[in-house]
Structure formats: structure tokens, C-alpha cells
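Results of the structural survey
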Amino acid sequence: SSRTLRDAAHDLVDQGQPLNRLSDGLDSLQNHFDYTVIDLPPTIEVLQESAIEAADYFLIPVELTIFSLDGLGNLILHLTDRKATEKGWNFRILPSRVEGYAKEENDEALQELRAVKKYMLKSEIRYNGKVPGAQRAGQDIYTYAPLSRGARDFRKLSKEIASLWRPKALAS
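Residues numbered from 1 in each chain as written. Predicted model: local features only at pLDDT ≥ 70, side-chain atom pairs only at ≥ 80, totals over all residues. Heavy atoms only, no water.

For the rest of this paragraph, the subject is a negative patch on the surface. There is a patch of like negative charges on the surface, built from D70, E104, E105, E108 and E112. When residues in the negative patch are grouped by element, the largest group, four residues, is from helix α5 (residues 103-112). Mapped onto the fold, E105 is located in helix α5. (Patch = residues over 30% accessible without salt bridge, like charges linked within 9 Å, V, L, I, M, F, W, Y side chains within 5 Å. Areas by Shrake-Rupley, 256 points an atom, 1.4 Å probe, with all protein chains shown as cover. Salt bridge = Lys/Arg side-chain N within 4 Å of Asp/Glu carboxyl O. Lys, Arg positive; Asp, Glu negative; His and termini not counted. Charge placed at Lys NZ, Arg CZ, Asp CG, Glu CD. Helix = DSSP H or I, 4+ residues; strand = E, 2+ residues; numbered from the N terminus.)

Shown next, in the form of C-alpha cells:
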């Protein structure tokens, strides 16, 4: 992880009540944005805990590999071991970097996920070389390669999330 993330984590702990600090900061922004997206590395540390605690909803991208599935299992166990907030945990699982040529392996991995099927999104992000290319270029996928499979997958994901998790102002 970067020096900036480590510094932020240490600052949260040093200032006390690390799980509430991010939530308090986001509360002041809720009338300005429909969605706030926080992208964090896949670990269970104070920043991730703070983001989960602050979130109304959260997305767990998971590659269909044994190590990723183990990590997902550990995360779900961690969440269920913790005291859930009154609203409960509202999350979805997104299969990512799905390999088109590995259908048998993908199907096996999806079988492993059947216990959490109710949390699985219909969308999936297929492996696409344009996505890392966009990251290297410092652009979003829609600007870098608007007609790519990656752009199509992310558009589908955006629509699914928007229909599933409507902003509070629009939900009434």
C-alpha cells in the first residue's frame, strides 16, 4: 500500500474513534452527491473498516480464483463476527477479471459462491486489457476505450447499481 494510505490509517487511529471519523466526514457531504465511491485495497484494516462502517452500501469485487474466494470468505466471516449496525450490512459481490477462455474454472468458482448467491450481482467485469491501459494513461475506461468490453461491462454495472441502490433523495 502507498505511504499516503498508511499515513491516513495512522492518523485515524491517533485521532481516536477511527471507525466514526470517515462516517462523520461523509455525513457532511451527503446533500452534495448522489453517490460517493471509495476504492480501497482488499485487506481488513482500519481504513476498510471505517469505509464499511460509513457506507450505506458496499461492493466487494472478487476474482474467480481460489485465493480471492478464500479472501472473500474471510471478509464475510469478519463481517458476520462483528456487530452489524442497526441497518445491517448491505453489500453485493461483483465477479471481476472473469476470464472468457476459462469457462470451466469460472463455473467451478461460481459454484463455490452459491452460498452467497443472494449477494451476487448479475453484472461481471470480464478480463479486458483496456482497463489497465486506461489506468496507466490516467483516464477512465469510457474516455480511453469507450467501445471496449471493459467500458460495456462497467456501463452495465453502473446501471445495475443505480437500480439496486438508489440515492436517498431519489428513493422516496
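Another point: a positive patch on the surface. A contiguous patch of positive charge, built from R149, R152, R155 and K159, is present on the exposed surface. In this fold, R149 is placed in helix α8 (residues 149-164).

Moving on to the nonpolar core. Of all hydrophobic cores here, the largest spans 19 residues; its most connected members are F58, L72, I93 and L113. Breaking this core down by element, the ones donating at least two residues are β1 (58-63), α4 (66-81) and β2 (91-98). In terms of residues, this core owes the most to one element, α4, which gives five residues. Each residue touching L113, except ones within four places of it in the same chain, is listed here: L64, L69, L72 and M120. (Core = buried A, V, L, I, M, F, W, Y, C linked by side-chain atoms within 4.5 Å. Buried < 20%, exposed > 50% of the residue type's maximum accessible area, 1.4 Å probe, protein only. Contact = heavy atoms within 4.5 Å.)

If you check which residues of helix α6 (residues 130-137) are buried, you get V131, G133 and A134. The arc enclosing the buried residues of α6, seen along the axis, measures out at 160°, which places them on a common side. More than 90 degrees from the buried face of α6, the exposed residues found are Q135 and R136. Along its buried surface, α6 packs onto α7 (141-144) and α8. Count one or two residues on from α6 and you reach G138, which has phi positive near 70°. (Arc of directions from axis to C-beta.)

For the rest of this paragraph, the subject is unusual backbone geometry. The backbone phi angle of R97 is positive, close to 50°, even though this residue is not glycine. Here R97 is to be found in strand β2.

The end-to-end C-alpha separation of α8 is 22 Å, in line with the 22 Å expected for 16 residues at 1.5 Å each. Where α8 is concerned, the buried positions are G150, A151, D153, L157, E160 and I161. Close packing links the buried residues of α8 with β1, β2, β3 (125-126), α6 and α7. (Expected span 1.5 Å × (residues − 1).)

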